[in-house]
Amino acid sequence: MEVRPHDDERMTATAENRAANPIKDGKSAPLSPVEEDTDDVARESENPILVGDSNSNSLRGGPGTMATFPLPQVGNVRATSASSSTSNSTSLRASMATRFFSATTNATKKIRFYRGTSYESESDSSEQKQSTHLRRLYRQRMRQEKFIEKSMRHLSAVYDDGHATPSEEDQETLRLSEVNQHTRELTDKMKQMTLLLRDWTEAVGDDREKFKTPLEVRLRNFSYCVRAQPGAGKIRTVFNSSFLYSIKKLYKKYWLREVQANETPTTKVILDDINLVLEPGKNYLVLGPPQCGKTSLLRAISGRIRPSRRRRQNRKQEITGQILYNGISMDERDEHFHIQNAVQYIDQLDRHSPRLTVAETFEFAFQCKAGGTMFRETEWCNEKQLEVLKKYDSENFRVRATLIGLGLEEVSNTFVGDTNIRGVSGGQRRRVTVGEMLQERVLVLCGDEISTGLDATSTYNMVDLLLHLRSDENTRIISLLQPSPETVSLFDEVIVMSEGRIIYAGPITQVESYFASLGYRCPEHMDVADFLQQVSSMDANQLYDPSPEIKEKFPEAPSITDLARLFKESDCGRQIIEKLKSPSPYIWKETKEECGTQDCTTVSRIADLHAVKQRYANSTFKNTQLIFRRFLVLWTRDKRVIVAGAAKNILMGVSVGGVFANNMNAVDLSGALFQAGLFIMLSAMQNASSLVVDRPIFFKHYESNFYSAVPFVLGRTLSTIPQTISDVVLFGTLLYYIIGLGGRDDAPNFFIYITVLICFAFTMQQQLAVFASFSSSSTLQVLSAITLMFFLLFGGYIVAPDIIPGYYSWAYWMNPFAWAYRSLIVNEFRSGRWEDPDATLIQLGFTLPRGTPFGDEWIGWSYLYMGVYFVVATLACALGLAFSRERVESKILQLDDKTDWKSTRPSHDIQVPFVPVTLSFYDICYDVTASTGSEKLRLLHSINGIFQPGRMCALMGSSGAGKTTLMDVIAIRKQTGEVAGEVRVNGWPQDVISFRRCSGYVEQFDVQSPELTIRETVLFSARLRLEPGALDDEDQLHAFIDQVLAAVNLTEIEHALVGSSDEGVCISFEQKKLLSIAVELAASPSLVFLDEPTSGLDSRSALTVMKTLRRIASDGNGSTEGRTIVATIHQPSSTVFEMFDDLLLLKKGGRVVYHGELGSSSSTMVNYFHSLGAPRIAYGENPANWMLQIMSLDKMQDLDERWLSSDEFAALKRRLASIYTNRPDDAKKIVYENEFAATWRQRLDLVTSRLRLIYWRSPAYNLARITVSGVIAVVLGSVFILKRTQSVYSETDMRAQLSVIFLAFVISGIMAILTVLPVMTKIRDMYYRHSASGMYDSMSIGLALGSAEKIFIVMSCVIFVTLYLATSGTHAAINKGLVGFWGFFTFNFAIYSYFGQAFVCLVKPTATAIILSSVFIGLNNFFAGLIVRPQLMVGTFYALPYYICPGHYVYEGLVTTIFRPNDSGVVVANEGSAFWDALNCTEGQSEPCVGPVYQYIQVFFGGEFSDDHVARNALILGGILTMTRLSTWLALKYVK
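Conventions and cut-offs
Residues numbered from 1 in each chain as written. Predicted model: local features only at pLDDT ≥ 70, side-chain atom pairs only at ≥ 80, totals over all residues. Heavy atoms only, no water. Phe/Tyr/Trp six-rings, centres within 6.5 Å; stacked < 30°, edge-to-face > 60°. Helix = DSSP H or I, 4+ residues; strand = E, 2+ residues; numbered from the N terminus. Buried < 20%, exposed > 50% of the residue type's maximum accessible area, 1.4 Å probe, protein only. Lys NZ or Arg CZ within 6 Å of the ring centre and 35° of its normal. Axes fitted to C-alpha atoms, helices over the stretch in contact; angles between N-to-C directions. Parallel < 35°, antiparallel > 145°, perpendicular 65-115°, else oblique. Left-handed = near helix turned anticlockwise from the far one by under 90°. Contact = heavy atoms within 4.5 Å. Nonpolar A, V, L, I, M, F, W, Y, C, P; charged D, E, K, R; others polar. Pairing = 2+ DSSP bridges. 1 Å grid on protein atoms, 1.4 Å probe; cavity = no way out; pocket = protein on both sides within 12 Å on 5 of 7 lines; lining within 4 Å. Points joined across faces, edges and corners; volume = space filled by probe spheres on them.

1. Some remarks on the packing of aromatic side chains
Phase 1 of the analysis: Under the defined criterion, the tally for this structure stands at 80 aromatic pairs.
Phase 2 of the analysis: Ring centres 5.0 Å apart and planes at 55 degrees place the aromatic pair phenylalanine 921 and phenylalanine 947 in the tilted group. Within this pair, whereas phenylalanine 921 is found in strand S17 (residues 919-929), its partner phenylalanine 947 is found in strand S18 (residues 936-947), the two being separated by 26 residues in sequence. Across this residue pair, the class does not change: phenylalanine 921 and phenylalanine 947 are buried.
Phase 3 of the analysis: Relative to phenylalanine 1399, the ring of phenylalanine 1395 lies with its centre 6.0 Å away and its plane at 55 degrees, an arrangement referred to as tilted. Highlighted residues: phenylalanine 1395 and phenylalanine 1399, both in helix H49 (residues 1377-1402), separated by four residues, approximately one helical turn.
Phase 4 of the analysis: Judged by its relative accessible area of 11%, phenylalanine 1399 is buried.
Phase 5 of the analysis: Members of the aromatic cluster, connected to one another through ring pairs, are Phe1302, Phe1305, Tyr1451, Phe1475, Tyr1496, Phe1500, Phe1501 and Phe1505.
Phase 6 of the analysis: Stacked on the ring of tyrosine 345, the Lys or Arg arginine 299 has its end atom at 5.7 Å from the ring centre.
Phase 7 of the analysis: We note arginine 630 situated over the ring of phenylalanine 364; from NZ or CZ to the ring centre the distance is 4.9 Å.

Written out as structure tokens, the structure is:
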């Protein structure tokens, strides 16, 4: 049988070895090493490398070793003193010997190695091969440690004078050719760190014992359950989430006595009866399928899952059992004892501030976690040690050491970056996440899937280095997704989990033999991790191949419950139980004598660590300083926001100030001051959304005890001082001096004016930050709109203070805007330039309840009130952040809930015709402009290749090689840059339209609509992309969808919502990957591109995906004329890599290293590199990992040049020449008559129905709009509820009526535009994805958006108008103006919503769209006609914005339809007012001077608002709406 090539090492397992290890009673007896391995260990043990030597300052020996320093340090094995070196050496050899064993086998086969020579062995079953490979990897690991040890021993002996001659033994070790380049690079890093630590090594001397703080972790019968609320997986709609539905349920439950299904909360077991002993100095690998409990286990070990002291939280989770740290549970310690600081947890996600550099990220973590010092326990150190520590602190040693150790020196000054900001690569960002958590002394490190997004080589390098960077007392517990055998060999023990249970926990070298004793056989070419992942999954029965003896005990494959029970009964399981019953060998006492009768051997000073005694390393004041500096740096680096903010302030300051320049009308100036307050509130709404973005980073730091919520809120708030002051001063100064407020030369008056605005700005920001601390983006906008409504309504301008109803007086006196606005009014009208301030204040209604106008003393009271309000809001924000963290954790725990929906699998295959595609490309080049300059960068260099039908081609290469870039260029997905070269499809030049229709593209992080089910998502793709006539009828279409879902194993959950993690319920990451593939399969494409389809998946899930692709390529029947599959892939296992037919291998810079067939067991590719002098591949080694490793070798740096001169490349060129010179076959030309498969009407109907369904299932958006519209209507109308039958009004009453109508359209508009932004962003991004696939055009989505939006706009406006008119009693409720009022209000709501959609389509960043929305809100409201009345603008320059802004036509329409000429109400004129003069009233007349309401409207608006303009206004607003929809369509079509 042919297998992959390997080195000269032969398997020497003998029959005696096998006979010595029979399977007895379903268990494997202890195994002895094979003869070859025993000799190898013996040879290595002749020169012990781990024995301490105080004279040589050995790394792992003697008192002066590097391992004594309380840092991440070098060494995998416990250091010993010189006196105990002999015993430790003996035990070391014994422990190494137990690792090397031979697996039981009964088969004998022939082996052919791809070296042109045949060898035979007596036994070579799959278990034997895997065991041999593991033994070889362990020997390589020992040689690697030996190499590092000898190299650094020599270095430590000569670092003083810089030169010396190593011993012959050291020279021999340093010349070991077997050590790969990574080992040499690792050694170089260790050398650098040794040189850095030499002062400390000397200073420690014989004191290393006093620095020992070992920490043993034990889990005893630990279980963890969460309770999911009923209906968690139910499809939520606008109706079933509404108050009406709740009433309906109550009616059925208590009146009809109907029993509701799923009313009882369900309990999900996350961890079930976990027993573990994690010993200091060992490395543990955690493996298991998705939802097996790996993350929860690591979080529990790190102290992040503990019983809550609050009853409310206990109702959501249940924890039983114990977690013991050195034999003591944390429940037994004081609540101020913080073990979380000694056990660090590395999250799966990379959450960083993108505009901080790598070094700054580490420095901030170092300052927060370690207090800015290398060693906080200074009382443990003598004077010499303190001097060294002081030196290291001044040199920022820990940050430098982490950068060196993780290989991040070159990018230390590069932004961390994210998807929107260019920064370090994904692999480097993952290392930043790891390094951030190593900035303090870590006794136990829990790494949760730290290899996500990394290729196999990068994963191996990081894990290897991470395991070396530790001392003899540290423990590493790391879960990985798809580890290679080389990475697996780095660990001492493995923990295999499934369904929350442990099915194995023990030495990594015994895991295969253990499962072999249960009847599980590892197939040939399957990696160890893949085998373990499959054993722990539902596919375990595929590996069940028991011997007759085992089958007699277990006729069927054991269930997970049985495997957990069998492990507890095994030798390893019993050893764990025995250890748990015995006392811990590590004690907390300071002296060994105090341990009493306990069998303790090691004294740990962990209780004396400052990090354990204190939750935070710094005081609140220092943490506030650190956070303030961090946010200040982030602000200064976001130049776009600074510039845009300045432009907005200048525009608004000049606009508002110019209209009121030199104005001495009290009412007009009060409007100008009101506009200033409104502008500040809008700016605060814009800034509040940034806290929602910062929250995930805060959660990570808060959980890791970087700082508490209070310094975070204080530091973040203080960092906004420069931005806030600059905004207020720029806008406020322009407004003040252009208008001439308070006399332009009155400095005290200006100071009071500007400081009041600044205080109010901070108060408002903090108020909205309270909402941002716990709500989502859409909910934040809704809460902000309601808050603005209350503040503006009861602020003193909309409704004058003297006529605010008594039942709303609390809203006025608790309103910070009312206090700020009152201060501005008092400051202005008591400034000295007004002859009778009291009369003016009385006219404006600014009087106390007894009628006395407000005096200057109220300004001081305003400062005091806003200060107190700010402090309370700050504390509330901190509490909100803590509450939000708990709520998010509770949501995350519900993501594992499974659905029970099932459907029938198709009974027969539905064949959809497609044309096989041969894709050829010649001399592809791709250039982009550098981000920091104007020079051109070439990312792809003259790439040639052929992708053939029925075959799978892997695009591989190191990070930055251009894999995705090449695929994007070929698939016509690049919107920027310059592309050169030629692509042909079946010999014909590539056509954009036909290529999009015949191909599919699965993005790495493809996002589907969360409101749709899996089946609806796939069906939508099929309806729009399948060729007309491809299927006979609707039944056949559904049968085809059944077939597609069955192919990707999604049939059982086809009716489950895709969901979103933000909502707390969604399908798993693996299922999302499969869904993305199914969406493309539904189009029956001839060619499928996939960008990293296995990234983020465990090995079993990755294998499932690749099997699906294999079936797709062969069209399900092994046809060689199947579909063409091209996939980029990072870390394929041997089994996954074997599924590919071809390989296109790139090196950094976008240059080809190899392109062609892989061959059986990758023999063709391996032989090619062997012919170039590459090192021989070892038996069992993954060819995918091997080829990436040889690319990094010094002698292999010219592989791209060798490829160009190779015979393989010449053959490829000849094939390409034949394709490009010969006339292609007309029958294979792919041509489509139309751009889209569906007709225009079909596209419009499908897209419209889809969007309507999405809107119906978006209660957080649409139900919120409807509900808030009703709340606003009731609140606004209730202001006049006591005057709803009134027919005689004062001028103050009429101004209040007009102001409330103005506020109604302002608040509803603000809510509409700000809530639509995040929703439209998702729809826009989904359209771009669908458009690139040729599904539908911009016209379809543009019309569909208007159709879906208008339904809920109409509903919201009907509810508002009905409730407002009913509560306010306005005359329009009983006259013909009712419909007109509703119509103009609907126009307003639609204009704001559609403008928001247009802004999102015009600019990509949501922050920029928010700024545009803020400017639109400010200008539209300002020029609507109330704050600045029309007579002041008509005939001036400001007539232009007045006639352009739609707010003018909306407000005029609302006023003239509600106050019509036939109204019976009258208004009593104030003496001396414009209305008094218009009525020709005289002083001293006996009867009150009154006039009709409609005449008052004419006078108040200078005759510009007229009932005759209603039809004109409606037509203009209709035109504006049409232009807005047209802008949205054009933006979608042309702005990418």
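Once the structure has been displayed, the description carries forward.
2. Re the packing of helix H46 (residues 1262-1278) against helix H48 (residues 1338-1368)
Geometrically, a packed helix pair is captured by the angle between its two axes and the distance between the axes.
Phase 1 of the analysis: H48 packs onto H46 with a crossing angle of 20 degrees between their chain directions and a minimal axis gap of 8 Å. When the axes of H46 and H48 are compared, the pair comes out roughly parallel. Regarding H46 and H48, the two cross each other, and that crossing is right-handed. Of the residues in H48, those in contact with Asn1262, Arg1265, Ile1266, Ser1269, Gly1270, Ile1272, Ala1273, Val1274, Leu1276, Gly1277 and Ser1278 of H46 are Glu1349, Phe1352, Ile1353, Met1355, Ser1356, Ile1359, Phe1360, Leu1363, Tyr1364, Thr1367 and Ser1368.
Phase 2 of the analysis: Tallied by class, the residues present in the contact of H46 with H48 amount to twelve nonpolar, eight polar and two charged.

3. Overview of the pairing of strand S7 (residues 283-287)
Phase 1 of the analysis: Burial within S7 is extensive, with five of its five residues counted as buried.
Phase 2 of the analysis: In this sheet, strand S12 (residues 475-479) lies alongside S7 in parallel orientation, the contact comprising four bridges. Among the inter-strand pairings, leucine 285 is bridged to a residue of S12, identified as isoleucine 478.
Phase 3 of the analysis: Here S7 pairs with strand S13 (residues 493-498) via four bridges, running parallel. Across the sheet, residue valine 286 finds its bridge partner in S13, namely isoleucine 495.

4. Quick notes on empty space enclosed by the protein
Phase 1 of the analysis: Size it by volume and the largest cavity reaches roughly 220 Å³.
Phase 2 of the analysis: Where the lining of the largest cavity is concerned, the elements lending two or more residues are helix H25 (666-703) and helix H47 (1291-1332).
Phase 3 of the analysis: The leading source of residues in the lining of the largest cavity is H47, at five residues.
Phase 4 of the analysis: Along the lines of polarity and charge, the residues of the lining of the largest cavity split into 13 nonpolar, four polar and two charged.

5. Details of the sheet that holds strand S21 (residues 988-989)
Strand pairing within a sheet occurs via backbone hydrogen bonds; the two strands may be parallel or antiparallel.
Phase 1 of the analysis: Read from one edge to the other, the open sheet built from four strands follows the order S18-S17-S20-S21, with strand pairing classed as antiparallel. At either margin of the open sheet sits one strand with a lone partner, and together these are S18 and S21.
Phase 2 of the analysis: Where S17 and strand S20 (residues 978-985) come together, seven bridges link them in antiparallel fashion. Residue pairing for S20: cysteine 925 is matched across the bridge by alanine 980.
Phase 3 of the analysis: In this fold helix H34 (residues 963-970) packs onto S17, S18 and S20, with an angle of close to 115 degrees to the strand it touches most, S17.
Phase 4 of the analysis: Across the face of the sheet, helix H44 (residues 1207-1221) comes into contact with S17, S18 and S20 while running at roughly 80 degrees to S18.

None of the figures reported here should be taken as evidence of function without further support.
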